[in-house]
Amino acid sequence: MDVFANLWGGLMVVLKFVPVDIAPGAASFIIPLPVNVLLCLMGALIGTLIGVLPGVGPIATIAMLLPITYKLDPTGALIMLAGIYYGAQYGGSTTAILVNIPGEATSVVTTLDGHQMAKQGRAGAALAIAALGSFFAGSVATVIIAVLGVPLTKLALKFGPADYFSLMVMGLIFAVALARGSVLKALSMVALGLLLSTIGSDLESGEQRLTFGMLELADGIEFATLAMGAIGFAEIMRNLENPETRDVVTGKVTGLWPTKDDFRQSAWPVLRGTAIGSILGILPGNGAVLGPFASYTIEKKIAKDPSRFGRGAIQGVAGPEAANNAGAQTSFIPMLTLGIPPNAVMAIMVGAMTIHGIVPGPQIMTKQPDLFWGMIASMWVGNLMLLIINLPLIGLWVKLLKVPYRLLFPAILLFCCIGVYSINNQPFDVLVTGAFGLLGYFLLKNGFEPAPMLIAFVLGRLMEEKLRQAMLISRGSMWVFVERPLSLGFMIIAVVLLVFALLPAIRSKRDQVFTE
Amino acid sequence: MKAQNRRSWLAGAAALAALAAAAPASAQEFPTKPITMIVPFAAGGPTDIIARVMAESMSRTLGQQVIVENVAGAGGTTGITRAAKAAPDGYTIMMGHMGTHGAAPGMYPQLAYNPQTDFEPIGLAAGTAILVVAKKDLPPKDLKEFVAHAKANEAKINQAHAGLGSVSHITCVMLQAEMGTKINAIPYRGTGPAMNDLVAGTVDFMCDQIVSVAQQVRGGTIKAYAIASPQRNPALPDVPTTAEAGLPSFQVSAWNAVFAPKGTPAPIVARLSQALTAAVTDPAARKRLTDLGADVPDAAGASPAALAALVKRENERWIPLLKNAGVVAN
């Protein structure tokens, strides 16, 4: 098998010992060090730390750390930067579970059941399952990249704007299914999310929409401001309102490790999540964000008792976390095989490679096999390191919950503000986060859930973009959405899902009417 | 009213800051602390890469770190607006480019700065040539055939660009003006997604910087008709110039240049200009950029006077072109 020989070669690149002068200057002292392994560890560690800090995302961190990598050789530099990326994905889940703050679109779903588990004193189990599920998904995704990377690229290229639009419509139906309570409330949150996503300059004409003349809104709202405000800040306000519930939560932390039952319940969700996340991650234009939402919807739909979701179901953590990590990994495929970055993080990775004198393109696999296979092998090594870093840290994180809330919440708020500011270096974004905090509190008080709004916001921008592109290319013909088989397929699934989502609601409403 | 209040407040604050900074900032000592270079685009793009290579070399000359700060938004005008309002003490400089200092006045009626009067030009850093590229199975074999094909199929073919006001957008507006066509423009958010659909064949052609397209052309996933520069580029030696290929009037380069806010003291401008000149003539930095296909100026080309003239020339060229084409971004 060529692939495995290549992977082995890649592993050797990662594990290679390089003689390093550890005391440069007068007394030089040269010893061989596994430099790439150390860089991978450093990247994973930094990534975990910044992932835990709410809002400080991989984009800002990679941008900040770029100058440090100038002195490294390109392979080592990229291994470290990739480590930051998936380390941050890991760390993001920790914050989502412990304090209900999603720094990125992909960890919104984890807040739903992960934080509920933490409230029930099972933060340790949630964190461990997230870490183990992510490790499994990451390992599988690494093999997928190595074996199927090239053929899968061709599949990604088959996705035109029309197919994309239909996929996003399907994703919106997931959003409705995410909600716990009333379907009507969920639908109104989806509508609000879509409306929020239209703020900013029109893609085609440049017309300012709903910006009220504020230049800062010309590029729309930053996702992190909405997510941290509407979920994180709102949660803090609620906790401050009734401190006694919070103390109960911190008091009853049970075992740090998942039980046998937890493992049994998580196995299939992790497998399904890995499959879903891997496929969606390959799609250009940030298809990876759909992964966790899709996984959650599926787990909820096939569960024997869907009412447990949103109340601390471990499947609702295991599946989406696996999907998230698998997608993060496979989103490297378009960049590695085609040289086309599918999302903002990959775009900055391309920038980093360019600074190191390597512009990724379709020939990178043949021209730079050491770099290509080294990077793929490093992903697996990195995932292993993340597991080694994160499992012992669980105890520490759980202890963090025991810090009195009056000390914890100002720290959380401060880090959130720093994080939001670091995205665009715009103070305005911090104010927007505060405003969304108030909105989120109002929604919470009135039984509206923010998750459907957040996914609608993310999908809204992509949907509009793809709709406009598809319609421009088809010269205004709507048929393009049913003529293309991929698009038609997604549309049919969307309709079926919608019917399934609405049916129980309609039925239960009728029951209610009858009992009254 | 409110905006005015804020502006006067800002002006007051800026004046105070300038006063505070004026005392220690004599040219001999400058710089005594790190310098911030605002890059008005996201990290990783062509302007950011050029800025980082320049910043690294300038740091060595100045003996203080030159830190790149990315302030993206509204085609780069958000970052430049902020940098223009910064204290003119030399500690905030910016990497402007063809869009922010050449074309923006033609596109943004409410632009908060004037490229010719609100800045102290420091010097040109690098230019990147623009290529006309197409999906690999588009029938025309060369640029002449392409122009004929574009005219004949005006209503059928599609042009992609990386967003309103982006280099790929406005250079294609120029190309279309030269060809006399009005072809459907499909907007994308960024070069990546636009390139994806060009490689997939969903769209027919686009114009973009050599840094963004060279690898795809070399890999044969797309084809290049011409390069809009006076000479062929060593990064893609087989691609003819527009003059060779029969459209000599289409000449355009996406230039990047360093500016300081208006009112920065002349000795400090001179010190920064000297550091920039050292950067463009530094063999290591030069090689880094030329390897990517960028054109790096010589010492004379990187002078403040040359940049002032370039900005004026570019304004005269872009503003009427974009106004005639009806490109409005705000």
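Here is a short report on the structure shown in this document. (Residues numbered from 1 in each chain as written. Chains lettered and ligands numbered in written order. Predicted model: local features only at pLDDT ≥ 70, side-chain atom pairs only at ≥ 80, totals over all residues. Heavy atoms only, no water.)

So, on to the overall build of chain B. The helix and strand inventory of chain B stands at twelve helices and ten strands. On the principal axes, the C-alpha backbone points of chain B span a range of 65 × 50 × 30 Å. Going through the 330 residues of chain B one by one, you find that 58% of them count as buried. Carbon together with sulfur atoms contributes 57% to the accessible area of chain B, which is approximately 12400 Å² in total. Distance from the positive charge centre (28 side chains) to the negative charge centre (23 side chains) of chain B: 5 Å. (Helix = DSSP H or I, 4+ residues; strand = E, 2+ residues; numbered from the N terminus. Buried < 20%, exposed > 50% of the residue type's maximum accessible area, 1.4 Å probe, protein only. Areas by Shrake-Rupley, 256 points an atom, 1.4 Å probe, with all protein chains shown as cover. Lys, Arg positive; Asp, Glu negative; His and termini not counted. Charge placed at Lys NZ, Arg CZ, Asp CG, Glu CD.)

Residue and element names in this part refer to chain A. Summarising the element assignment, E299 is placed in helix 12 (residues 290-302). Among the polar contacts made by the side chain of E299, one reaches the side chain of R272 at a distance of 2.9 Å. Apart from residues lying up to four places away in sequence, E299 is in contact with P269, R272, F309 and Q315. (Polar contact = N/O pair within 3.5 Å; in protein donor to acceptor, adjacent residues only side chain to side chain. Contact = heavy atoms within 4.5 Å.)

The next subject is the interface of chain A and chain B. Contacts between the two partners involve 44 residues from chain A and, on the opposite side, 45 residues from chain B. Summing both partners gives a buried area of about 3700 Å² for chain A against chain B, and 54% of it is carried by carbon and sulfur. Close ionic contact of R189 of chain B with E465 of chain A constitutes a salt bridge, the shortest N to O distance being 3.0 Å. Counting only elements with at least two residues in the side of chain A that touches chain B, the list comes to helix 15 (344-355), helix 18 (405-424) and helix 20 (450-473) of chain A. Per element, the largest residue contribution to the side of chain A that touches chain B is six residues, and it comes from helix 20 of chain A. (Buried area = accessible area lost by both parts, 1.4 Å probe. Salt bridge = Lys/Arg side-chain N within 4 Å of Asp/Glu carboxyl O.)

Moving on, we come to the packing of aromatic side chains. Residue and element names in this part refer to chain A. As enumerated under the stated definition, the model contains 15 aromatic pairs over all chains in all. Seen from their ring centres, F135 and W380 are 6.5 Å apart, and the 45° between their planes marks the pair as tilted. Here W380 lies in helix 17 (residues 369-400) and F135 lies in helix 6 (residues 123-158), a separation of 245 residues in the sequence. On the accessibility criterion, F135 (17% relative accessible area) is buried. Aromatic side chains W257 and F263 sit 6.3 Å apart centroid to centroid with 55° between the ring planes, which places their arrangement in the tilted category. Using a relative accessible area of 33% as the deciding quantity, one classes F263 as partly exposed. Chaining the aromatic ring pairs together yields one cluster made of F159, Y164 and F490. (Phe/Tyr/Trp six-rings, centres within 6.5 Å; stacked < 30°, edge-to-face > 60°.)

A few words on the packing of helix 5 (residues 108-119) of chain A against helix 13 (residues 315-330) of chain A. Residue and element names in this part refer to chain A. Contact geometry of helix 5 with helix 13 gives a least axis separation of 8 Å together with a crossing angle of 145°. Every pair of crossing elements has a handedness; the one defined by helix 5 and helix 13 is left-handed. Touching V109, T110, D113, G114 and M117 of helix 5 are G316, V317, P320 and E321, all from helix 13. Considered class by class, the residues forming the contact of helix 5 with helix 13 number four nonpolar, three polar and two charged. (Axes fitted to C-alpha atoms, helices over the stretch in contact; angles between N-to-C directions. Left-handed = near helix turned anticlockwise from the far one by under 90°. Nonpolar A, V, L, I, M, F, W, Y, C, P; charged D, E, K, R; others polar.)

Counted under the stated rule, the structure contains 24 salt bridges over all chains. Residue K287 of chain B is joined to D291 of chain B by a salt bridge in which the shortest nitrogen-to-oxygen separation is 2.9 Å. Of this pair, K287 of chain B and D291 of chain B both sit in helix 11 (residues 283-291), separated by four residues, roughly a single helical turn. Among the residues examined, D291 of chain B registers a relative accessible area of 48% and is labelled partly exposed. Several salt bridges converge on common partners, so that one network encompasses D202, E204, R209, E464 and R468 of chain A.

What follows is about a nonpolar patch on the surface. All names here are of chain A. Together, W479, V482, L488, I492, V496 and F500 make up an exposed nonpolar region whose accessible area comes to about 600 Å². In terms of residue count, the dominant contributor to the nonpolar patch is helix 22 (residues 485-515) (four residues). Within the element layout of this structure, V482 appears in helix 21 (residues 480-483). Exposure remark for V482: the relative accessible area of 37% places this residue in the partly exposed category. (Patch = residues over 30% accessible without salt bridge, like charges linked within 9 Å, V, L, I, M, F, W, Y side chains within 5 Å.)

The next subject is unusual backbone geometry. The peptide bond linking F30 of chain B to P31 of chain B adopts the cis configuration, its omega dihedral lying at -5°. Phi is positive for N100 of chain A, close to 65°, though the residue is something other than glycine. Positionally, N100 of chain A belongs in the loop between helix 4 (74-99) and helix 5. Accessibility expressed as a relative area gives 10% for N100 of chain A, which makes it buried. Phi is positive for R475 of chain A, which is not a glycine, with a value near 55°. Inspection of the secondary structure assignment puts R475 of chain A in the loop between helix 20 and helix 21. Taking relative accessible area as the criterion, R475 of chain A reaches 36% and is therefore assigned partly exposed.

For the rest of this paragraph, the subject is the nonpolar core. Residue and element names in this part refer to chain A. Ranked by internal contacts, the top residues of the largest apolar core, which has 60 residues, are L167, L196, I221 and F223. In terms of residue count, the dominant contributor to this core is helix 7 (residues 161-178) (twelve residues). The contacts of I221, once residues within four sequence positions are left out, are L196, I199, V432, F436 and F457. By size, the runner-up hydrophobic cluster in this structure holds 54 residues, among which are I145, V345, M349 and I355. (Core = buried A, V, L, I, M, F, W, Y, C linked by side-chain atoms within 4.5 Å.)

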